[in-house]
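Descriptive structure summary
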Amino acid sequence: MKTIGLLGGMSWESSSEYYRIINQTVNRKLGGHHSAKSVMYSVDFEEIKKLQHNDRWDEATELMIKGAQYIEEGGADFLVICTNTMHKMASEIEQDISIPILHIADATAKRIKDQGISRVGLLGTKFTMEEDFYKGRLIANHNLKVNIPSEKERQIVHDIIYKELCLGKIDSDSKSAYQKIINGLINDGIEGAILGCTEISLLINQNDISIPIFDTTEIHAQAAVDWALGIS
């Protein structure tokens, strides 16, 4: 079994889900008392959040690289960045470490294509929805068609993530707002919806939506187990 490196804390709420899913999946596959070999470095999300919202991405990148280097020094065989948004600097991180990165968009795209779906809606932070580092990768590398909500709806999705979900707050009105936004994308022709922020699955699950949803936290964590166990 390879050792999984987890760069977490963004937020710790979703990082704990990664740890749970990874260990439960290893145990389900191997049985007995098996659990995952892993190394985690967790950042202080307050520092990261301020850098994100003040457009200080170079400084955020430096923090992410340092965390990744700690993980490599700790003995990890590959890196899992436990957040969608901070894959914005995945290529820069990869240049400063010698272990590979399991990219969350690639793992998600594989799951989508395995279901025969080509047009998806993307919900996440404004950075993830609006910039090309994520949806551009889905389009260019995986030939997917990606719809995002309107500008007003993107702000709603973003605010709920930072003001509620990252703080562990679950609100029924916010769930309804997300359902309404996803249903609007369904009317525009999407066949599946990417929960492109690792906290969204704390609020929305498959029972809430009429089309397939792709929980990036679960997908990424399960892909990490497959890589660790040598399962293609």
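To start, this report covers the structure provided alongside it. Every residue gets a number counted from 1 within its own chain, in the order that chain's sequence is written. Reporting of local features is limited, given that this is a predicted model, to residues whose pLDDT is at least 70; pairs of side-chain atoms are given and counted only at 80 or more, and all residues count toward the totals for whole chains, interfaces and linings. No hydrogens and no water enter the side-chain calculation; it runs on all heavy atoms of the structure.

What follows is about the packing of aromatic side chains. We call Phe, Tyr and Trp rings a pair once their centres come within 6.5 Å, taking the six-membered ring for Trp, and we label the pair stacked below 30 degrees between planes, edge-to-face above 60, and tilted otherwise. Within this structure, the stated rule accounts for 4 aromatic pairs. An angle of 15° between the planes, with centres 6.1 Å apart, marks the rings of Phe 45 and Tyr 162 as stacked. Placement of the pair is Phe 45 in helix α2 (residues 45–53) and Tyr 162 in helix α8 (residues 151–163), with a sequence separation of 117 residues. A relative accessible area of 11% means that Tyr 162 is categorised as buried. A ring pair is formed by Phe 78 and Trp 227, whose centres lie 4.6 Å apart and whose planes are at 15°; its orientation type is stacked. Here the residue Phe 78 occupies a position in strand β3 (residues 78–81), and Trp 227 occupies one in helix α10 (residues 216–229), the gap between them amounting to 149 residues. Sitting over a ring, as applied to charges here, requires NZ of Lys or CZ of Arg to be within 6 Å of the ring centre and within 35 degrees of the ring normal. The ring of Trp 57 carries Lys 88 above its face, with NZ or CZ at 4.8 Å from the centroid. In this text, helices come from DSSP runs of H or I with a minimum length of four residues, and strands from runs of E with a minimum of two, each type numbered from the N-terminal end. Residue exposure (1.4 Å probe, protein chains only): buried if accessible area is under 20% of the type maximum, exposed if over 50%, otherwise partly exposed.

On to unusual backbone geometry, then. Between Met 10 and Ser 11 the backbone carries a cis peptide bond, its omega angle lying at 0°. By the secondary structure assignment, Ser 11 is in the loop between β1 (4–8) and α1 (12–30). Even without a glycine there, the phi angle at Asp 55 is positive, about 55°. The topology assignment puts Asp 55 in the loop between α2 and α3 (57–73).

Attention now moves to the sheet that holds strand β2 (residues 38–42). Strands are treated as partners if at least two bridges between them are detected by DSSP. With respect to topology, 3 strands assemble into an open sheet ordered β2-β1-β3, the strand pairing being parallel. Either end of the sheet is taken by a strand with one partner, and the two such strands are β2 and β3. Direction aside, the axes of adjacent strands within the sheet are offset by 20° on average. Whether two residues touch is decided by their heavy atoms; if any such pair falls within 4.5 Å, the residues are in contact. Orientation is described by axes fitted as lines to C-alpha atoms, over the contacting stretch for helices, and by angles from 0 to 180 degrees between their N-to-C directions. Along the sheet, α3 makes contact with β1, β2 and β3, crossing β1 at roughly 150°. Seen against the sheet, α10 touches β1 and β3 and runs at an angle of roughly 175° to β3.

Another aspect to go through is the pattern of salt bridges. Whenever a carboxyl oxygen of Asp or Glu lies within 4 Å of a side-chain nitrogen of Lys or Arg, that contact is scored as a salt bridge. In the structure shown here, the tally under the stated rule is 11 salt bridges. When the shortest N-O distance is used, the salt bridge between Arg 20 and Glu 17 registers 2.7 Å. Of this pair, Arg 20 and Glu 17 both sit in helix α1, 3 residues apart, roughly one helical turn. Exposure remark for Arg 20: the relative accessible area of 36% places this residue in the partly exposed category. Of the charged contacts, one joins Glu 131 and Lys 88 as a salt bridge, the two residues approaching to 2.4 Å between their closest N and O atoms. Within this pair, whereas Glu 131 is found in the loop between α6 (126–130) and α7 (132–142), its partner Lys 88 is found in the loop between β3 and α4 (90–95), the two being separated by 43 residues in sequence. The exposure class assigned to Glu 131 is partly exposed, which follows from its relative accessible area of 25%. Given the relative accessible area of 25%, Lys 88 is considered partly exposed. Through salt bridges with shared partners, a single network forms among Glu 46, Lys 49 and Lys 50.

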